[in-house]
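Here's the letter readout for the chains.
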Amino acid sequence: MTVREKHDRMANAIRFLSIDAVEKANSGHPGLPMGAADIATVLFTRFLDHDPKNPNWPDRDRFVLSAGHGSMLLYSLLYLTGYEDITLDEIKNFRQLGSRTPGHPEYGHAAGIETTTGPLGQGIANAVGMALAERLLNARYGDGLVDHYTYALAGDGCLMEGISQEAITLAGHLRLNKLIIIWDDNGISIDGPVSLADSTDQRARFEASGWNTLAVDGHDPDAIAAALEAAKASDKPTMIAAKTIIGFGSPSKAGTSKVHGSPLGAGEVAATRKALGWKEEPFHVPSDVLDAWRLCGLRSTKARTAWEQRLAAAEADLRGEFERVMRGDLPGSFESAIADYKKRLAEEKPKAATRRSSELALEVINAVVTETIGGSADLTGSNNTKTSQTADVKPGDFAGRYIHYGIREHAMAAAMNGIALHGGLIPYSGTFLVFSDYARPAMRLSSLMGLRVIYVMTHDSIGLGEDGPTHQPVEHLAALRAIPNHNVFRPADAMETVECWQLALESRTTPSTLALTRQNLPAARTVYDEENMCAYGAYELATASDEAKVTIFASGSEVEIALTARKTLEEMGRPTRVVSVPCFELFARQSPEYRAAVIGSAPVRIAIEAGIGQGWERFIGGDGVFIGMDSFGASGPYQEIYAHFGITAQAAVEAAIARLPVAEG
């Protein structure tokens, strides 16, 4: 058997496992695995350093299937190379409930799946984040411990999505030369030829963005290998345009949209088997082919063993620190640093915007948690995300801890996902809360994957003032709270801000958003409490002088309004308590008894938040009073805007008084 014949049989194993799985499920995308099988075979047999028996080896190469609809390509590769999580039964259960082989690759379902992809373009930006994490860790720990490549397979749709432009320009600017994207250039999308909608010269686009580009026949294994060798030698990130035929081997559907997202059908499957000389029954891989694949799965065992020896020989402190950050553990001194800082805050009682309180908290955190990597989407001075410890990351210089993402909110969020997925670093970065709209698809994936990614969203309400309704978030808190497994924190003062930061850093499987003010806020918590009160999600901040007649719930900047209203109502002889609500999601996780105690039995319940009321029903019920927004904001000094929209202590007092006679009657 010639080398080419062996390659073809190995590639055909991918094709027919994919064809058979899609056929059995009567659902899926066979075209990409059929067309990209030659690329994948070359990459996995000759280049990719990975170890199926030790899938979490920190210095493995990363492979991202950005075109996630072609998931059977990845599942086939994982089975063939010997990953224990993907058995032949899992291949047969493709797209079935409870399987490890869902319609699109999902991080955490099986070893070897480096990220969740499917929303096109996300994988490209994840790969940028992974490649950036590799360089950042290399600068800390050296070539002996961190020195690997990130490969991504992208389709036409990935390149059409706007996030791809944000991501590739960032990667080109930073000269992430260990990043290699292979473009499955098959010229077909769901509607038909790509030419129906796009005529971009993709190589020119990448070159203009600072990339090296190459073009190859995606069905010529030697040409693919030569391109990958050249890419590895480049001082820039590389895009390889691999011209392929979607649905390669299908006599009547290859090269058409008919093979993109539908099973071939029994007749066409038989014809394809005949055309490619594959005589095996469905799901059967000949022993010689499977043995060849399994042998390739062992190709990096020596490299992994040599790496383990280098780690064992490393200086003890360096080795211990590396192992800690790769486990994701926070340093042992973290809790005491937070406690000491909270004691300072209790003494100093600062009046500050919570964005400034966040900066001061980060100054403490970044000194202790050295694996944090900060950043901003061109709003550093407004987001207050940079501290004295976080020098800039620059092209070719990755010793810093601060990334200037530029005005690329979507790629910023997706790259942070990649950084978190890589391991060893904890990414946080900032923009205005209103621009979470630009980042939301990647934020949703942070939650779906269960990643420790921290979004610092400042200018969190109409309180930002003069910039007006284009920049004033109204529906955004509710929209982010609607994402499952996403903690939205809205602290009321410096004490709550540092507590929220502590919770975000300790939340290893839940991303966090910190919604922070532009305007100054007084200290609401002025006594040191060892316990993290924000961990409850909501807690009684101010008690009533007698049995409460009114309970006011509030978050963030509106806690000040609630406390002022309480003072007035107490003076009027109407016992009133205030509940601070920094995090809906954490409150929902408390016991029924705790939630009932916090909500209380006061006959009048009022909620105040400078946003829409969606979600506050859990606190005030269907007959409570919500004081907030039901329209867009306006431009002007923030004090006047609050008064204009009736978000004031006086409005809360009047609402309570109006309800009390009825409630007490």
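Here goes a summary of the coordinates provided.

About the criteria used
Residues numbered from 1 in each chain as written. Predicted model: local features only at pLDDT ≥ 70, side-chain atom pairs only at ≥ 80, totals over all residues. Heavy atoms only, no water. Pairing = 2+ DSSP bridges. Helix = DSSP H or I, 4+ residues; strand = E, 2+ residues; numbered from the N terminus. Axes fitted to C-alpha atoms, helices over the stretch in contact; angles between N-to-C directions. Contact = heavy atoms within 4.5 Å. Parallel < 35°, antiparallel > 145°, perpendicular 65-115°, else oblique. Nonpolar A, V, L, I, M, F, W, Y, C, P; charged D, E, K, R; others polar. Buried < 20%, exposed > 50% of the residue type's maximum accessible area, 1.4 Å probe, protein only. Right-handed = clockwise from strand over helix to strand, strands pointing away. Expected span 1.5 Å × (residues − 1). Salt bridge = Lys/Arg side-chain N within 4 Å of Asp/Glu carboxyl O.

1. Brief notes about the sheet that holds strand β2 (residues 150–154)
Inference 1: Overall, parallel pairing links the five strands, which are arranged β1-β2-β3-β7-β6 in an open sheet. Edge strands, defined here as strands with exactly one partner in the open sheet, are β1 (62–65) and β6 (212–217). This sheet shows a mean twist of 20 degrees between the axes of neighbouring strands, independent of strand direction.
Inference 2: Here strand β3 (residues 179–185) runs beside strand β7 (residues 238–243); their pairing, made up of six bridges, is parallel. Bridge assignment links D184 to a residue of β7, and that residue is A242.
Inference 3: Contacts from helix α5 (residues 122–141) reach β1, β2 and β3 within the one sheet, and its direction differs from that of β2 by about 175 degrees.

2. Overview of the packing of helix α7 (residues 162–174) against helix α17 (residues 409–422)
Inference 1: It is the contact of α7 with α17, at a shortest axis distance of 8 Å, that shows an interaxial angle of 70 degrees. In terms of orientation, α7 and α17 fall into the roughly perpendicular class. Facing I163, E166 and A167 of α7, the residues of α17 in contact are E409, H410, A411 and A414.
Inference 2: Here the residues of the contact of α7 with α17 are counted per class, giving four nonpolar, one polar and two charged.

3. Structural notes on the pairing of strand β11 (residues 454–458)
Inference 1: Burial runs high along β11: five of the five residues are buried.
Inference 2: Burial of the side chains of β11 extends over both faces: I454, V456 and T458 are buried on one face and Y455 and M457 on the other.
Inference 3: Direction of pairing for strand β10 (residues 426–432) relative to β11: parallel, over a ladder of five bridges. From the neighbouring strand, F432 faces β11, where its bridge partner is T458.
Inference 4: Read as a crossover between parallel neighbours, the route from β10 over helix α18 (residues 436–449) to β11 is right-handed.
Inference 5: Taken together, the four bridges between β11 and strand β13 (residues 512–515) define a ladder with parallel strand orientation. Bridged to V456 within β13 is L514.

4. Brief notes about the pairing of strand β8 (residues 372–376)
Inference 1: When you tally the buried positions in β8, you get five out of five residues, the bulk of the element.
Inference 2: Burial of β8 is two-sided: the residues T372, G374 and S376 facing one way and the residues I373 and G375 facing the other way are all buried.
Inference 3: In this structure, β8 lies alongside β10, joined through three bridges in parallel fashion. In the sheet register, S376 faces β10, and the bridge partner there is G430.
Inference 4: Across three bridges, the pairing between β8 and strand β9 (residues 402–404) is parallel. Counterpart to S376 in the pairing with β9 is H404.

5. Comments concerning helix α14 (residues 334–348)
Inference 1: If you check α14, its first and last C-alpha atoms are 21 Å apart, about what 15 residues at 1.5 Å a residue would give, namely 21 Å.
Inference 2: Of the positions making up α14, those classed as buried are F334, A337, I338, Y341, K342, L345 and A346.
Inference 3: Where the residues of α14 are buried, they touch α15 (354–368) and α20 (494–506).

6. Regarding the pattern of salt bridges
Side chains that differ in sign of charge can pair as their charged atoms come close.
Inference 1: Taken as a whole and assessed by the stated rule, the structure comprises 29 salt bridges.
Inference 2: A salt bridge links D329 to R327, with the shortest nitrogen-to-oxygen separation between them at 2.8 Å.
Inference 3: Residue classification places D329 among the partly exposed residues on the basis of a relative accessible area of 24%.
Inference 4: For R327, a relative accessible area of 48% translates into the label partly exposed.
Inference 5: A salt bridge links K567 to E571; the shortest N-O distance between them is 2.8 Å. Residue K567 and its partner E571 are located together in helix α21 (residues 558–571), separated by four residues, close to a single helical turn. The two residues K567 and E571 agree in class, both being exposed.
Inference 6: One salt-bridge network, held together by shared partners, links D460, R481, R490, E558 and E609.

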